[in-house]
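The primary structure of each chain is shown beneath.
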Amino acid sequence: MRVAIPRERRPNERRVAASPETVKKLKGLGLDVVVESGAGAEASFPDGAYAEAGARIEVEPAAVFGDADLVLMVQRPQDKAEGGPDALHLLKPGAVLIGMPAPHGSRDWLRACAAAGVTAVAMELMPRISRAQSMDVLSSQANLAGYRAVIDAAYEYGRAFPMMMTAAGTVAPARCLVMGVGVAGLQAIATARRLGAVVSATDVRPAVKEQVQSLGATFVAVEDEEFRQAETAGGYAKEMSPGYRARQAELIAATLRKQDIVITTALIPGRKAPVLIDAAMVASMKPGSVIVDLAVEQGGNVEGARPGEVVVTPGGVRIVGHLNVPSRIAMDASALYARNLFKFVELLVNRQTGAVALDWNDEIIKATVLTHGGRIVHPAFADADPAAPPSSAAPVSA
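Values in this document were obtained by computation on a predicted structure and should not be read as measured data. (Residues numbered from 1 in each chain as written. Predicted model: local features only at pLDDT ≥ 70, side-chain atom pairs only at ≥ 80, totals over all residues. Heavy atoms only, no water.)

> In this structure, what is going on with unusual backbone geometry? I would like to understand it.
Among all residues save glycine, negative phi is the norm, and among peptide bonds the norm is trans. Backbone geometry places Ala 102, a non-glycine residue, at a positive phi of 50 degrees. Note on placement: Ala 102 falls in the loop between strand 5 (96-99) and helix 5 (107-116). Here Asn 324, not a glycine, exhibits a phi torsion of approximately 50 degrees, which is positive. Relative to the helices and strands, Asn 324 resides in the loop between strand 15 (318-320) and helix 12 (330-348). (Helix = DSSP H or I, 4+ residues; strand = E, 2+ residues; numbered from the N terminus.)

Spelled out as structure tokens, the structure:
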């Protein structure tokens, strides 16, 4: 069975879906691995390293996609209209395409996958269960994004992070607020603390308070009854009531005026990112302050943030909106993502026959497979399936 590793072609994407390390492991499963020439170049994985690990290097996309049984990617492939090699037309029916295709905003692509007979898998839909932790791509990538956000903030900030006592006087430590304490937020707290900043953090989920404090940061939140119920069974933040948001905004506004660095990470799956910092809050911050908006690609947590830009406000606040932040640390991001994919491939491949075997009783398979056998099979996207009877359509879950 052949596994294909194509070169990523979307803008700002420097990652690759396999490392030389995971190519060796894929070969150990008895799989034939084909890597498109240059696929790992921007992640510092040269073709020679893949070849040494046992992969065959191909230059033409048709030779990469054509006979593949499994295709491992970071983002969904481009079609001809987007400037790509139109992978869905190159793939054979029944091929399994695994990556992070952002399905909530890709309904047309889902229909195209179904029409092509391709089995599409969305790794970002991995359920948050202990058995799936080694396959959790959102966590592995968010961890690096949180780290990189602080490094980017330090680059933009015109002063030092730690307190320094010198013969010429004392340099006060930077004050850093992290808004949204998921995986990215926790890593941002830890990184800012290691750099010597005085760190505080806020989140609507009460369970993270102890985690914040265990990292040496101060927790900031309106801790009322709504706050104590503000987490879904899957561990995500619920959308809060207007009243709570107003009280929290008042507290955060007062806190922001004292900060030098702010990192925002708040996301709701399948929804536009909530606005946490409005223009008035930005204007209240000190000149030279830096805000890094990690949610900018989903609408942004900060009013005035622009995707792919560093905006300097009239008051001298810098709002950083870098795209695809994990890709800014491409080698480590690729290595972790490749390990996540390998663990998933291990789940799919029958060791006796060497073929892909989808166990529809496995909650990991049910949660991640989008299309199969010419149909959109994921219940959250059934409304996009033109072949589905009206009664089978299900609403999109958040």
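> In this structure, what is going on with the nonpolar core? I would like to understand it.
A general trend in soluble globular proteins is that nonpolar side chains are found buried together. In terms of nonpolar packing, the biggest core is built from 41 residues, with Leu 72, Ile 98, Met 123, Phe 344 and Val 345 touching the most fellow members. Breaking this core down by element, the ones donating at least two residues are strand 1 (2-5), helix 1 (20-28), strand 2 (32-36), helix 2 (47-53), strand 4 (70-72), strand 5, helix 12 and helix 13 (363-368). Take this core: its biggest share by element is 7 residues, from helix 12. With sequence-adjacent residues up to four places away left out, Phe 344 is seen in contact with Ile 98, Val 121, Met 123, Met 126, Met 135, Ile 364, Ile 365 and Thr 368. Ranked by size, the runner-up nonpolar core spans 34 residues in total, among them Ala 153, Tyr 157, Val 178 and Val 208. (Core = buried A, V, L, I, M, F, W, Y, C linked by side-chain atoms within 4.5 Å. Buried < 20%, exposed > 50% of the residue type's maximum accessible area, 1.4 Å probe, protein only. Contact = heavy atoms within 4.5 Å.)

> It is not clear to me how the sheet that holds strand 1 should be interpreted in this structure. Could you clarify?
The strands that make up a sheet pair up through hydrogen bonds in the backbone, lying either parallel or antiparallel. Judged by pairing direction, the sheet is parallel, and its 6 strands sit side by side in the order 3-2-1-4-5-6 without closing on themselves. What marks the edges here is a single partner per strand, and that holds for strand 3 (56-58) and strand 6 (119-122). With strand direction ignored, the average angle separating the axes of adjacent strands in the sheet is 20 degrees. In terms of strand pairing, strand 5 meets strand 6 through 4 bridges, oriented parallel. Along strand 6, the bridge assignment pairs Val 96 with Thr 119. The strands touched by helix 12 are strand 4, strand 5 and strand 6; relative to strand 5, the strand with the most contacts, the crossing angle is about 145 degrees. (Pairing = 2+ DSSP bridges. Axes fitted to C-alpha atoms, helices over the stretch in contact; angles between N-to-C directions.)

> Honestly, the side chain of Gln 141 in this entry has me stumped. Any pointers?
The residue Gln 141 is located in helix 6 (residues 137-156) in this model. The class for Gln 141 is buried, based on a relative accessible area of 4%. Other than its neighbours up to four places away in sequence, Gln 141 contacts Arg 15, Pro 326, Ala 333, Leu 336 and Tyr 337.

> I tried to follow the sheet that holds strand 14 (residues 310-312) on my own but got confused; where do I start?
The 7 strands lie next to each other as 11-10-9-12-13-15-14, forming an open sheet whose pairing is mixed. Either end of the sheet is taken by a strand with one partner, and the two such strands are strand 11 (218-219) and strand 14. Sheet topology note: the strand 12 (residues 261-264)/strand 13 (residues 290-293) ladder contains 4 bridges and is parallel. In the strand pairing of strand 13, Ile 263 is matched with Val 292. Its contacts with the sheet put helix 10 (residues 242-256) on strand 9 (175-179), strand 10 (198-202) and strand 12, and the angle it makes with strand 9 is roughly 155 degrees.

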